[in-house]
Amino acid sequence: MSDIKTAYDLAVIGAGPAGLAAATLAARQGISTVLLDEQPAPGGQIYRSVTETPVRDPKVLGPDYWHGAGLVKPFRESGAEYLPGTTVWSVSRTLEIGLSREGAARILPAKHIILATGALERPFAIPGWTLPGVMGAGAAQVLLKSSGLVASGNVVLAGTGPLLWLLAWQYLRAGAEITAILDTTPRANWRQAMPHMTGFVRSGYIGKGLKLLLDVRRKVKVIGNVTALRAEGDGQVRSVVYRQGNGAEQRLPAETLLLHQGVIPNINLANAIGCAQSWDDAQRCWTPQTDAWGATTVEGVSLAGDGAGIGGALSAEHQGRLTALDALHRLGRIDRQQRDRDAAPHRAALEKAKQGRVFLDTLYKPAQEFRVPSDDTIVCRCEEVTAAQVRDAVKLGCSGPNQAKSFLRCGMGPCQGRLCGPTVTELIADARGVSPAEVGYYRLRPPVKPITLAELASLPKREDEIDAVLHH
Amino acid sequence: MFRRLHDAAGERVPFTVDGRAAEALAGDTVAAALLANGITVCRNTPVSGAPRSPYCMMGVCFDCLVTIDDVGNRQGCQVRVAPGMRIETQDGKREIDR
Amino acid sequence: MSAEQRSDYDVAVVGGGLVGSATAWGLARLGQKVAILDEGDVAVRPSRGNFALVWVQGKGLGMPEYGAWTRRSSDSWGELASLLRDQTGIDVCFERPGGFMPALSEAELEDRANQLKRLHNQQAMLRYDYEIMDRAAVAKEMPFIGPDVAGASYCPLDGHCNSLKLFHAFHTGLNRFGAAYLPNRRVESIEHRDGGFRLTTAGGGEVRAGRIVLAAGHDSARLAPMVGLSAPVRPERGHVIVTEKTAPFLKFPVGYIRQTDEGGVMIGDSFEDAGFDTTVRSGVTSTIAERAISVFPLLGKLNVVRTWAALRVLSPDGFPIYEQSGTMPGAFVATCHSGVTLAANHALALAPHIAAGKLPEEFDVFSARRFDVPKAA
């Protein structure tokens, strides 16, 4: 790995909008900056494959997606170093980054780190969700953007949230057919969202959002007030069973079922570093604690973008710039006054980008039954642990997810709780009759992505660390 | 089931799945290429032998695990198809020497 | 009447880890009315950091009675496993195929041989079979052993189990016996009154019991003086690596490497004085990884899915403390760092004595008073 320097002033992890914007701003100010990302090309998830998508017709993916392309050129010209195909599996308290590239691991120190690790889809555990043919709507979007692939045959979308409608719209533009959209948005959410309507009306979302929604509703069968879902099939999904309100069960044929109920911060790296996190009751998710500049509770580690709290792609971009300015200040490159001055336009842009989010968050808050699933639902996909087993563990006295892990192995698989953590926390909270905040979350440790034992063995070792193993 | 948009442009990349010849589009990840070739199940789980296929396509679910060029448990969605790549679907636990 | 308002517990066990659960289960099995007071989800919880070994070889240098105590537990471990399976349906996967402690040089092998000889030459040492095997003999059992392995000490009494299932089985069993498991109840003070004990817990709760057992890991140090006992234990950090699930290839526990029944390979071990800090240090896990690859080169390809650091509960000489209070009869302390190996003893040998209210003389050697005696020159 001769192309990597031995250390950098600023390391940015994640090449989505927050990371690209942060690295660009910082590098332009002349500090040695590196942007590390797992994917082979920039864009993160929201702008996935924006530099190389085979879907050339811009009308298919839409203008919001193509906005991402505008972030790449400035980044490439900024002077920042770019390391794609690089997995970050740990960050120590002393800001040493454990990374893996082309099958080789190394430690890379930095003076400041910005985590721009983004979000992932909120787990949507329903009976049968592990069947082949069931996937996240985000996954279908990746297949469309990166490979020009669309689901065919009977395709059912189910869930709630802007991304679900966006995917439906993109599919229609691409000429793909959708059998139905099963909308799980709870009726009561409309009432609760109304007070925030003015903010939404003033924001940019309403124009685009309404048009998109109407477009989709005109062409696709939308079944609303869905209160129960189940995927059925032998070896792969063949049909989806659903209920509207208190109605009887109904069945739709489906060879592909695309589930989505919002996105939540991907907190694994922040958690493993030791950054404090708290439960956001409005967004029903765990969020690392950050100040107005994105600084976490760990000195030298900042967070920008959806990883610090869901705000969407544009918010992420502006946050990236704010966090970079703060990093420049912390590294002594600019003083406080300059930081605050330079931040002003980005703060204003961020405020504007945030407008209307509360309305969306409230409207699309997932229903209880889809956050706290039925007994027969697998909640931990890796270890195949069911909701019933978690409830039984609570009956035995288990009071939190780390104990549940000890009893049941949930959270011990390679995904490290990314697909089960929120569900397990909510299940325990529901069974105990307390808030998720009180129940807590898994305590994670590195590596947050798997590395081979041989890679681990090749890392540098201090004298006292060797002694701890061999000469005690 | 997934189909390619007819205007999806790019080079074809030959590879094999469980010994059978298949074709991907340049830029496809292994997971995408399997789906494009109609392969619905990429592995059976080590816990119960249940069939699985890619779920998240972004590297967080670990359901797309396949053996690539004799190395087991690789996330198919994180690896781009290269010409001549040998993909094998997996059955249960990883073998110690692969 | 809520669990805490009952004033008729026969025994309150402070600590719901391996020592507390095993002892409480043993007591409940004897018909005792038991309450277990435990902390919450995020606490030190040293028991979580075990290696699941049921290990005999090498133990007891400096205290042959510990060697015998260990042997006894290993011999009754099968019985414990059967009882738990019969009661709860949970199979804790106890296997006793014998264990190897590898040596990565001739010098290390010789050291090991000498150490075991000294151990067995102790007066009153209960001897058992073991073998110092050269490389060829080890390779016969495990052909994939690495080229750096010079040999190993082998003991047919060594084994391992699934410690998570063990934990789950104890708790399920306790529940079936009607024991009261009370989490989120850190004990703040203990009073001796009316021939029994009154424990006040965080949040203003109260539990009364005729007898108490302090099995609170590191916290026993704080609690013991409240009942006229002493438990001078300190934390010692150990790191462990866990790999992805792999098809079975290793049936023997090999000291610091073992394959679980689920398929993952657990790899240890390390020893650091780090207070209560359980931060994982990559240099330590790297050293552990490198050594493991020397023992079994095949391991190199496997993916690491988890690493963790946990805190052993160590007395000054590393041996257990079992003692009953002289000033407050009915108060006991039980602490050790081999909670899995000794689980059978705690459940089947220690519990009956606590139920009877008295530890016999054979436990005197495990009393903390031994730390007051200056060592013989």
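A short tour of the structure in this document, coming up.

Definitions and limits used
Residues numbered from 1 in each chain as written. Chains lettered and ligands numbered in written order. Predicted model: local features only at pLDDT ≥ 70, side-chain atom pairs only at ≥ 80, totals over all residues. Heavy atoms only, no water. Helix = DSSP H or I, 4+ residues; strand = E, 2+ residues; numbered from the N terminus. Rg over C-alpha atoms; globule rule 2.2 N^0.38 Å. Buried < 20%, exposed > 50% of the residue type's maximum accessible area, 1.4 Å probe, protein only. Contact = heavy atoms within 4.5 Å. Areas by Shrake-Rupley, 256 points an atom, 1.4 Å probe, with all protein chains shown as cover. Lys, Arg positive; Asp, Glu negative; His and termini not counted. Charge placed at Lys NZ, Arg CZ, Asp CG, Glu CD. Patch = residues over 30% accessible without salt bridge, like charges linked within 9 Å, V, L, I, M, F, W, Y side chains within 5 Å. Salt bridge = Lys/Arg side-chain N within 4 Å of Asp/Glu carboxyl O. Buried area = accessible area lost by both parts, 1.4 Å probe. Polar contact = N/O pair within 3.5 Å; in protein donor to acceptor, adjacent residues only side chain to side chain. Arc of directions from axis to C-beta. Pairing = 2+ DSSP bridges. Axes fitted to C-alpha atoms, helices over the stretch in contact; angles between N-to-C directions. Parallel < 35°, antiparallel > 145°, perpendicular 65-115°, else oblique. Left-handed = near helix turned anticlockwise from the far one by under 90°. Nonpolar A, V, L, I, M, F, W, Y, C, P; charged D, E, K, R; others polar. Phe/Tyr/Trp six-rings, centres within 6.5 Å; stacked < 30°, edge-to-face > 60°. Lys NZ or Arg CZ within 6 Å of the ring centre and 35° of its normal. Core = buried A, V, L, I, M, F, W, Y, C linked by side-chain atoms within 4.5 Å. Expected span 1.5 Å × (residues − 1).

## Here's the deal with the overall build of chain B
What chain B contains, in helices and strands, is 1 helix and 9 strands. The secondary structure elements of chain B, listed N-terminal to C-terminal, are β-β-β-α-β-β-β-β-β-β. A compact globule built from 98 residues would reach a C-alpha radius of gyration of about 13 Å, and chain B, at 13 Å, matches this within 12%. Counting only C-alpha atoms, chain B reaches 40 × 25 × 20 Å along its principal axes. Out of the 98 residues in chain B, the part that is buried amounts to 52%. When contacts within chain B are restricted to residue pairs at least 6 apart in sequence, long-range pairs at least 24 apart make up 40% of them. Of the roughly 3,900 Å² of accessible surface on chain B, 49% is carried by carbon and sulfur atoms. Counting 12 positive and 12 negative side-chain charges, chain B places the centres of these two groups 4 Å from one another.

## Describing a negative patch on the surface
Residue and element names in this part refer to chain C. On the surface, E106, E108, E110, D111 and D134 cluster together into a negatively charged patch. When residues of the negative patch are assigned to their parent elements, the largest contribution, 4 residues, is made by helix α3 (residues 106-121). Tracing the sequence through the fold places E106 in helix α3. By relative accessible area, which is 56% here, E106 ends up exposed.

## Some points on the interface of chain A and chain B
One frequent convention defines the size of an interface as the accessible area lost when the parts assemble. Across the boundary between the two partners, chain A contributes 51 residues, which contact 36 residues of chain B. With both sides pooled, the region where chain A packs onto chain B buries about 3,600 Å², and carbon together with sulfur makes up 57% of that total. Where chain A meets chain B, there are 2 salt bridges. When the shortest N-O distance is used, the salt bridge between D63 of chain B and R381 of chain A registers 2.6 Å. Seen at the junction of chain A and chain B, the total is 16 residue pairs in polar contact (both at pLDDT 80 or more). Within the residue set of the side of chain A that touches chain B, elements represented by two or more residues are β7 (119-121), β8 (134-136), α5 (137-147), β9 (149-151) and β16 (256-261) of chain A.

## Brief notes about helix α4 (residues 69-76) of chain A
Residue and element names in this part refer to chain A. Every buried residue of α4 is accounted for by L71, V72 and F75. Each buried residue of α4 lies within a common arc of 100° when the element is viewed along its axis, so the set occupies one face. In α4, the exposed positions that point more than 90 degrees away from the buried face belong to G70 and K73.

## Things to note about the pairing of strand β15 (residues 249-253) of chain A
All names here are of chain A. The pairing of strand β14 (residues 239-244) with β15 spans 5 bridges and is antiparallel. In the sheet register, V241 faces β15, and the bridge partner there is R251. Counting the residues between successive antiparallel strands, the hairpin from β14 to β15 contains 4 residues, one of them, G245, with a positive phi of roughly 50°.

## A few points about the packing of helix α6 (residues 162-173) of chain A against helix α9 (residues 205-219) of chain A
Geometrically, a packed helix pair is captured by the angle between its two axes and the distance between the axes. Residue and element names in this part refer to chain A. Remark: α6 packs on α9, axes separated minimally by 9 Å, with the N-to-C direction vectors making an angle of 60°. Relative to α9, the element α6 lies oblique. Here the hand of the crossing between α6 and α9 comes out left-handed. The segment α6 lies against α9, with W165, L166, A168, W169, L172 and R173 engaging L212, L213, D215, V216, R217 and K219. Broken down by class, the residue content of the contact of α6 with α9 amounts to 8 nonpolar, no polar and 4 charged.

## Considerations on the packing of aromatic side chains
All names here are of chain A. Across all of its chains, the model carries 23 aromatic pairs over all chains by this definition. Note on Y65 and W66: the rings are 5.1 Å apart at their centroids and 80° apart in plane angle, and the pair reads as edge-to-face. Residue class for Y65 comes out buried when judged on its relative accessible area of 4%. Cluster of aromatic residues (ring-pair linked, three or more members): W279, W286, Y441 and Y442. In this structure, R339 packs its charged tip against the face of W293, placed 3.9 Å from the ring centre.

## Examining the pattern of salt bridges
In a structure, side chains of opposite charge can pair up when their charged atoms sit close to one another. According to the stated counting rule, one finds 63 salt bridges over all chains in the structure shown. A salt bridge links D326 of chain A to R339 of chain A; the nearest nitrogen and oxygen atoms lie 2.7 Å apart. Residue D326 of chain A is located in helix α11 (residues 313-330), and its partner R339 of chain A is located in helix α12 (residues 336-354); the two are separated by 13 residues in the primary sequence. Residue D326 of chain A is classed as buried on the basis of its relative accessible area of 2%. Relative accessible area serves as the criterion here: at 7%, R339 of chain A is assigned to the buried category. Taking the shortest distance from any N to any O, the salt bridge between R208 of chain C and E206 of chain C comes out at 2.7 Å. Overall, E206 of chain C belongs to the partly exposed group, its relative accessible area being 23%.

## Focus on the interface of chain C and chain A
Contact residues are listed per partner, giving 49 residues for chain C and 42 residues for chain A. Note on chain C versus chain A: buried area summed over both sides is about 3,800 Å², and carbon and sulfur give 59% of it. Contact with chain A buries surface across chain C, with D41, L164 and R306 of chain C losing the most and accounting together for 15% of the total. Residue R281 of chain C pairs with E465 of chain A through a salt bridge whose shortest N-O separation is 3.3 Å. There are 21 residue pairs in polar contact (both at pLDDT 80 or more) connecting chain C and chain A. Secondary structure elements with two or more residues in the side of chain C that touches chain A: α5 (163-177), α7 (282-295) and β15 (303-314) of chain C.

## Describing the pairing of strand β17 (residues 331-335) of chain C
For a regular strand, side chains alternate in direction, first toward one face of the sheet and then toward the other. All names here are of chain C. Taken across its 5 residues, β17 has 5 buried, putting it largely inside the fold. Alternating residues of β17 divide into A331, V333 and T335 and F332 and A334, and every residue in both groups is buried. Of the pairings in the sheet, the one linking strand β11 (residues 205-214) to β17 comprises 3 bridges and is parallel in character. Note on β17: the bridge partner recorded for I212 is A331. In the sheet, strand β16 (residues 321-324) pairs with β17 via 4 bridges, with the strands oriented antiparallel. Counterpart to Q324 in the pairing with β17 is F332.

## Quick word on the nonpolar core
Judged by nonpolar contacts, the single largest core of 218 residues is most densely connected at I97, Y171, L182 and L229 of chain A together with W77, L80 and L166 of chain C. For this core, the element with the most residues is helix α8 (residues 343-356) of chain C, which contributes 8 residues. Ignoring anything within four residues of it in the chain, the contact list for L229 of chain A reads F124, I126, P127, A158, L182, T184, V240, V241, Y242 and F370 of chain A. Counting 46 residues, the second-largest nonpolar core is a separate cluster that includes I107 and V469 of chain A together with Y256 and L299 of chain C.

## Remarks on the side chain of S153 of chain C
Residues and elements named next belong to chain C. The topology assignment puts S153 in strand β6 (residues 151-155). A residue is classified by how much of its surface remains accessible, and S153, at 0% relative accessible area, is buried. A distance of 2.6 Å separates a polar atom in the side chain of S153 from a polar atom in the side chain of Q57. A polar atom in the side chain of S153 sits 2.9 Å from the side chain of R112. Discounting residues that sit within four places of it in the chain, S153 has contacts with Q57, G99, F100, M101, R112, L116, E131 and I132.

## Here's the deal with unusual backbone geometry
Residues and elements named next belong to chain A. P446 connects to P447 through a cis peptide bond whose omega is 0°. The phi dihedral of E384 is positive, around 55°, even though this residue is not glycine. Relative to the assigned elements, E384 resides in the loop between β21 (378-380) and β22 (385-386). Taking the relative accessible area as the measure of exposure, E384 reaches 15% and is therefore buried.

## Quick notes on the sheet that holds strand β12 (residues 222-223) of chain A
Residues and elements named next belong to chain A. Spatially, the 5 strands line up as an open sheet ordered β8-β16-β10-β11-β12, and their pairing is parallel. Looking at strand neighbours, the two that pair on one side only are β8 and β12, the edges of this open sheet. Of the strand pairs in this sheet, strand β11 (residues 180-183) and β12 are connected by 2 bridges, and their pairing is parallel. Paired with I181 across the bridge in β12 is V222.

## A look at α3 of chain C
Residues and elements named next belong to chain C. Helix length check: α3 (16 residues) gives 22 Å between terminal C-alpha atoms against 22 Å at 1.5 Å per residue, within 8%. What α3 keeps buried is the set L109, R112, A113, L116, L119 and H120. The buried residues of α3 occupy one face: seen down the axis, they fall within an arc of 125°. When the buried face of α3 is taken as reference, the exposed residues oriented beyond 90 degrees from it are E110, D111, R118 and N121.

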